[in-house]
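In case you want the letters, here they are:
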Amino acid sequence: MSAGGAIGDLLLVYKKVQRLAGLTTRVSELLEALERMEAAEEIEVAEAAETAKALEVDSGGGSAAKGGVCVGGGEGGGEGGGEGSESRESRESRESRESRESLRMEGVSVRTPDGRCLVKQLSLRLPRNRSLLVTGPNGAGKSSLVRALKGLWPLQSGTVHLPQCGEEGLPSLCFVPQNAYMMMGTLRDQARPPSYRHTHAHTAARCSTPSHNPNRDPNPDSDQVLYPDVPLGEAEGARACVAQDARVAECLGAVGLAQLLSSMGLDTWQQDWLEVLSGGEKQRVGLARLLYHRPAFAVLDEATSAVNGDEQGRLHECLLEAGITLLSIAHRPEVRPFHQLELQLAGDGSGAWKLVPLESSNANGGGQAREGTLL
């Protein structure tokens, strides 16, 4: 009996060592990728600045962004003589600002590591206050498209331009995954994590180096609803801390965690919040972080899948009222009324996609799908 038990233990140890070796390999690959990202950061910033200058020069013609399709506007340019130079400059300045504050994809193609085509030549421009719902069968590439937007997956071709909105240092685009990240610390820490920034563009030419390099704050005491946030300096004093706590409490209450806040308090310390909170509560914490930071755009990858269906609509409405434009991956019909556009991925390996305006679809019982056009 003892010999049999010993052999069984050896087999279990072998499996554990094998798993540890696999994890070590992944960590090693991650460190190598981070080193490449750091080395390429200065080059990417310089290229982004050159691209911005080129777009400013090209915008004089009144055309839409290269490779994209203009949203919600006419083709500016040819009406000549009656307008003065001041009105033309004002229009061009507005179009340039709208272009900078939009999420743009130009000729984007994404493939799986084994070569299967998920999305082919996707071009669109998503302005503020026009939310997009991404749908498709399992394995169609919805989450893979999000990974490509974030720079975690290389682009087979094309360019992604992230929005440039808000004050310097504040995020213009945030990603909320299905499984929200929980850190060791207080409930306050869960809502306010450390700060990060995204570079504003990346292309298929940088496929070996993801360009969205999060510049994470090295401060180990950074907070959780507050994650990611810039820590307060000592000079700001206790009054700023009280105001910050009030804002965190407001965000937690808005997503339905007021009872958790009253029972635990912001200063309750937990070693492992993953074990303390339910799946729905963890997703609500992720949305509370979003409300705290209030970015211009947010990508929700099944971020409310563990929340009751009758509450998903209220959470989406809360995000929209905060002025956040959504790019959502979701299956439940409750979220459709809170989006103006639907991107349908075929998922058949051809990379086909269709863009449908949900307003006309809801009004007429089925709208005309237009491939490659954002209305």
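Here, the structure is the one placed above.
In this convention, every chain numbers its residues from 1, walking through the sequence in written order. Where local features are concerned, this predicted model is filtered to residues with pLDDT of at least 70; where side-chain atom pairs are given and counted, the filter is 80 or more; whole-chain, interface and lining totals use all residues. With hydrogens and water excluded, all non-hydrogen atoms of the structure serve as input to the side-chain values.

K.L.:
It is not clear to me how the overall build of the chain should be interpreted in this structure. Could you clarify?
P.N.:
Looking only at helices and strands, the chain features 10 helices and 14 strands. Burial classes follow relative accessibility: with a 1.4 Å probe on protein chains only, a residue under 20% of its type's maximum area counts as buried, one over 50% as exposed, and anything between as partly exposed. Within the chain, buried positions represent 42% of all 375 residues. Contacts spanning at least 24 positions in sequence make up 72% of the contacts within the chain whose residues lie at least 6 apart. A total of about 19,900 Å² of accessible surface is found on the chain, and carbon and sulfur atoms cover 51% of it. Secondary structure elements are taken from DSSP: a helix is a run of H or I of four residues or more, a strand is a run of E of two residues or more, and numbering for both begins at the N terminus. Two residues qualify as a contact provided that any one of their heavy atoms is within 4.5 Å of a heavy atom in the partner residue. Per-residue accessibility takes into account occlusion by the displayed protein chains alone, with areas from the Shrake-Rupley method and a 1.4 Å probe.

K.L.:
Would you take a moment to explain the environment of L345 for this structure?
P.N.:
Of note, L345 is situated in strand 13 (residues 341–345). Here the alpha-carbon distance between L345 and G136, two residues 209 residues apart in the chain, equals 4.9 Å. Those residues in contact with L345, other than ones at most four positions away along the chain, are V119, V134, T135, G136, P137, A140, G141, K142, A352 and W353.

K.L.:
Can you walk me through the pattern of salt bridges in this structure?
P.N.:
Where charged atoms from two side chains of opposite charge approach closely, those side chains can pair. Definition used for salt bridges: Asp or Glu carboxyl oxygen within 4 Å of a side-chain nitrogen of Lys or Arg. In the structure shown here, the tally under the stated rule is six salt bridges. With its nearest N and O atoms 2.3 Å apart, the salt bridge here joins R284 to E311. In this pair, R284 is assigned in helix 8 (residues 279–293) and E311 in helix 9 (residues 309–321), connecting sequence segments 27 residues apart. A salt bridge links R336 to E342; the nearest nitrogen and oxygen atoms lie 3.1 Å apart. Note on R336: relative accessible area 25%, which makes it partly exposed.

K.L.:
Sorry if this is basic, but what is going on with unusual backbone geometry here?
P.N.:
Glycine aside, negative phi is the norm for most residues, and most peptide bonds take the trans geometry. A positive phi angle is found at N129, which is not glycine, with a value near 70°. With respect to the secondary-structure elements, N129 resides in the loop between strand 2 (117–126) and strand 3 (132–135). By relative accessible area, which is 59% here, N129 ends up exposed. One non-glycine residue, R294, adopts positive backbone phi at about 50°. Note that R294 resides in the loop between helix 8 and strand 11 (297–301). We classify R294 as partly exposed; its relative accessible area is 48%.

K.L.:
How do you make sense of helix 3 (residues 142–150) when you look at a structure like this?
P.N.:
In an α-helix, one turn spans 3.6 residues; hence positions three or four apart end up facing the same way. Buried within helix 3 are the following residues: K142, S144, L145, V146, A148 and L149. At the exit of helix 3 stands G151, carrying a positive phi of roughly 90°.

K.L.:
Help me understand the environment of M264 in this model?
P.N.:
Within the fold, M264 resides in helix 6 (residues 258–264). According to the relative accessible area criterion, M264 is partly exposed, its value standing at 25%. Sequence spacing of M264 and T186 is 78 residues, and the spatial spacing of their C-alpha atoms is 9.6 Å. Aside from chain neighbours lying at most four places away, what touches M264 is Q270, W273 and V276.

K.L.:
Help me understand the packing of aromatic side chains in this model?
P.N.:
Any two of the Phe, Tyr and Trp rings considered here, Trp counted by its six-membered ring, make a pair once their centres fall within 6.5 Å; the pair's planes then place it as stacked at under 30 degrees, edge-to-face at over 60, or tilted in between. Scanning all chains against the criterion turns up zero aromatic pairs. Only Lys NZ and Arg CZ are tested; either one counts as a charge over a ring when it is within 6 Å of the ring centre and within 35 degrees of the ring normal. A cation over a ring is seen here: R247 above Y292, with NZ or CZ 4.3 Å from the ring centre.

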